[in-house]
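Structure at a glance
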Amino acid sequence: MEIPGPWRRAAAGAGLLAPDGSIASTIFAEMSAIAARTGAINLGQGFPDEDGPREVLDAAVDAITNGVNQYPPGIGIPQLRHAIADHQRRFYGLEYDPDREILVTAGATEALAATLLALVEPGDEVVTFEPFYDAYGALINLAGGRHVTVQLRAPEFAPDLDELSRAITDKTKIILVNNPHNPTGATFDIATLTRIVELAERHGAYIVTDEVYEHLRFETPHTPIASLPGASDRTISISSGGKTFATTGWKIGWVMAKPELITAILAVKQFLTYVNGAPFQPAIAVGLGLPDSFFETAAATLKAKRDLLSAGLRTAGFDVFPSRGSYFVVADAAPLGFPDAVEFCRELPHRAGVVAIPLSAFYSDANRGQARSLVRFAFCKKEDVLERAAAQLAGMTA
């Protein structure tokens with residue numbers, strides 16, 4: 001039986017439509033299954049293996065104990081919306097009305113889904129950088145949009161600004177920017193962000209930002225696009241608490257934008273999850289109010305883990321590319337004699353007891369060849385796990 005239209009489009013956008021019309025399993029599911037079956041160290045999926053700060057966890061327990069277990073308000077509890085507004089003012093000097101310009105969602109993925117479904121009409125173009133988080137392609141297709149990509153090329157994974165200028169036209173409805181970037185670990189400089197704003201103004205496009213790794217930058221502080229001149233009226237900023245507070249399973253995200261945009265996004269969101277995560281919302285509010293030292297330590301700790309794994313990958317013979325933010329580092333398996341990263345990742349659990357993801361999983365079918373030998377590793381794991389993975393990779397036989 002053929003998959004119904006919208007879901008077929010979503011599967012195609014995520015690269016999951018098999019030749020026979022069925023939905024193929026993702027490489028993420030395949031690699032995680034191999035990790036479970038073999039006991040290999042899973043550096044494929046981007047989730048921490050340690051709990052977040054005690055204050056945040058205790059706040060969730062207290063909320064459950066004190067009866068915060070029913071539907072929260074549709075736009076999110078006031079405590080969290082005010083905490084988000086305070087956070088944006090504190091770190092970036094941005095002002096948001098917590099009652100009209102902030103919407104709490106079921107993670108950043110629902111925020112992206114509701115935004116794209118609210119704003120994209122069939123045939124509208126949505127520009128992203130490539131490689132891209134796999135949900136982007138699925139959601140753009142589900143909304144009936146046309147996905148246009150601008151390539152990020154190793155080793156720096158920085159966009160060519162002339163190519164970016166050619167990609168954004170009067171047909172562009174949304175420029176979707178993930179910064180820091182998953183899967184490459186790239187961060188975009190002010191020149192790139194400024195060009196995006198200029199192009200959005202010139203062509204009447206919205207800017208949608210995915211900033212879930214905003215506090216996990218290793219070299220430079222985060223600059224939200226919304227803070228740049230001319231950007232605030234047309235920017236829909238999205239973030240979440242899962243990455244910062246190591247609570248990825250709680251799925252507490254948020255959208256920040258002008259009131260008329262929030263109204264449009266809420267109109268879609270209420271028919272997706274309606275509401276979510278009642279006892280986790282006050283807990284994330286507590287997290288957003290933690291002292292600066294928490295955010296500084298979180299970034300420094302993750303940077304040390306990046307350095308540990310990157311050194312192990314170099315010892316093993318990989319070429320390792322810079323990672324300036326996020327949970328991830330990209331390495332090239334070609335120097336080890338593996339020109340095909342998919343084949344390499346399928347053999348890696350048996351050769352070294354480690355699971356990783358081929359970077360080609362984050363490309364459209366037409367461009368997968370650009371990442372033929374590149375592999376993404378996640379370093380958001382315990383230090384002893386990374387040490388063991390590094391040692392196993394270094395001892396890998398050719």
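The name given to the protein in an unreviewed UniProt entry is Aminotransferase class I/II-fold pyridoxal phosphate-dependent enzyme, with Gryllotalpicola koreensis as the source organism. Quoted verbatim from the Cofactor (unreviewed entry) heading of the UniProt record, the comment on the protein is "pyridoxal 5'-phosphate".

In space, the four strands of this open sheet follow the order E10-E11-E14-E13, with antiparallel pairing throughout. With partners counted over all chains shown, the strands left at the sheet margins are strand E10 (319-320) and strand E13 (357-358), one partner each. Where E10 and strand E11 (residues 328-332) come together, two bridges link them in antiparallel fashion. Looking across to E11, one finds that Val320 is bridged to Ala331.

On to helix H13 (residues 383-394), then. Helix length check: H13 (twelve residues) gives 16 Å between terminal C-alpha atoms against 16 Å at 1.5 Å per residue, within 8%. In this fold, the buried residues of H13 make contact with strand E1 (41-42), helix H11 (292-316), helix H12 (341-352), strand E12 (354-355) and strand E14 (374-378).

Turning next to the pattern of salt bridges. The final tally for this structure, using the stated rule, is 19 salt bridges. Of the charged contacts in the structure, one is a salt bridge between Arg153 and Glu163, with a shortest N-O distance of 3.2 Å. Of this pair, Arg153 sits in strand E4 (residues 146-153) while Glu163 is found in helix H7 (residues 161-167), placing the two residues ten residues apart along the sequence. Classification of Glu163 by relative accessible area gives buried; the value is 17%. With a shortest N-O distance of 2.9 Å, Arg324 and Glu156 are connected by a salt bridge. Remark: Glu156 occurs in the loop between E4 and strand E5 (158-159) and Arg324 occurs in the loop between E10 and E11; sequence separation between them is 168 residues. Residue Arg324 is classed as partly exposed on the basis of its relative accessible area, which comes to 30%. We classify Glu156 as partly exposed; its relative accessible area is 40%. Salt bridges here are not isolated pairs; linked through shared partners, they connect Asp86, Arg89 and Glu95.

Turning to the layout of surface pockets, a few remarks are in order. Computed from the structure, the largest pocket encloses a volume of approximately 700 Å³. When contributions to the lining of the largest pocket are tallied by element, the ones reaching two or more residues are helix H5 (107-119) and helix H6 (134-142). Broken down by element, the residue count for the lining of the largest pocket peaks at four residues, all from H6. Classifying every residue of the lining of the largest pocket by side-chain character gives 14 nonpolar, eleven polar and five charged.

A few words now on the UniProt feature "domain: Aminotransferase class I/classII large" (unreviewed entry) in the protein. Following the UniProt record, the feature "domain: Aminotransferase class I/classII large" (unreviewed entry) maps to residues 40-391 here. Helix makes up 39% of residues 40-391 and strand 18%, whereas the separation of the span's terminal C-alpha atoms amounts to 13 Å.

Next up on the list: the packing of aromatic side chains. Evaluation of the coordinates by the stated rule reveals 17 aromatic pairs. With centroids separated by 5.3 Å and ring planes inclined at 70 degrees, the aromatic side chains of Tyr213 and Tyr327 adopt a geometry described as edge-to-face. Taken together, the positions of Tyr213 in the loop between strand E7 (206-210) and strand E8 (235-240) and Tyr327 in the loop between E10 and E11 put the pair 114 residues apart, joining distant regions of the chain. Tyr327 carries the same exposure label as Tyr213, and that label is buried. Taking the centre distance of 6.1 Å and the plane angle of 70 degrees together, the rings of Tyr327 and Phe328 count as edge-to-face. You can call Tyr327 buried: its relative accessible area is 2%. Through a chain of ring-to-ring contacts, the aromatic side chains of Phe91, Tyr92, Phe245, Phe294 and Phe295 assemble into a single cluster. Above the plane of the ring of Phe328 lies Arg376, whose end atom (NZ or CZ) is 3.7 Å from the centre.

Across the six residues that make up strand E3 (residues 125-130), a large majority, six, are buried. Where E3 and E4 come together, six bridges link them in parallel fashion. Residue pairing in the sheet places Phe129 in a bridge with Val150 of E4. Note: E3 against strand E6 (residues 172-178), four bridges, orientation parallel. Bridge pairing in E6 places Val127 opposite Ile175.

Conventions adopted
- Residues numbered from 1 in each chain as written.
- Predicted model: local features only at pLDDT ≥ 70, side-chain atom pairs only at ≥ 80, totals over all residues.
- Heavy atoms only, no water.
- UniProt positions renumbered as here; feature names shortened; annotations may be inferred.
- Pairing = 2+ DSSP bridges.
- Helix = DSSP H or I, 4+ residues; strand = E, 2+ residues; numbered from the N terminus.
- Expected span 1.5 Å × (residues − 1).
- Contact = heavy atoms within 4.5 Å.
- Salt bridge = Lys/Arg side-chain N within 4 Å of Asp/Glu carboxyl O.
- Buried < 20%, exposed > 50% of the residue type's maximum accessible area, 1.4 Å probe, protein only.
- 1 Å grid on protein atoms, 1.4 Å probe; cavity = no way out; pocket = protein on both sides within 12 Å on 5 of 7 lines; lining within 4 Å.
- Points joined across faces, edges and corners; volume = space filled by probe spheres on them.
- Nonpolar A, V, L, I, M, F, W, Y, C, P; charged D, E, K, R; others polar.
- Phe/Tyr/Trp six-rings, centres within 6.5 Å; stacked < 30°, edge-to-face > 60°.
- Lys NZ or Arg CZ within 6 Å of the ring centre and 35° of its normal.

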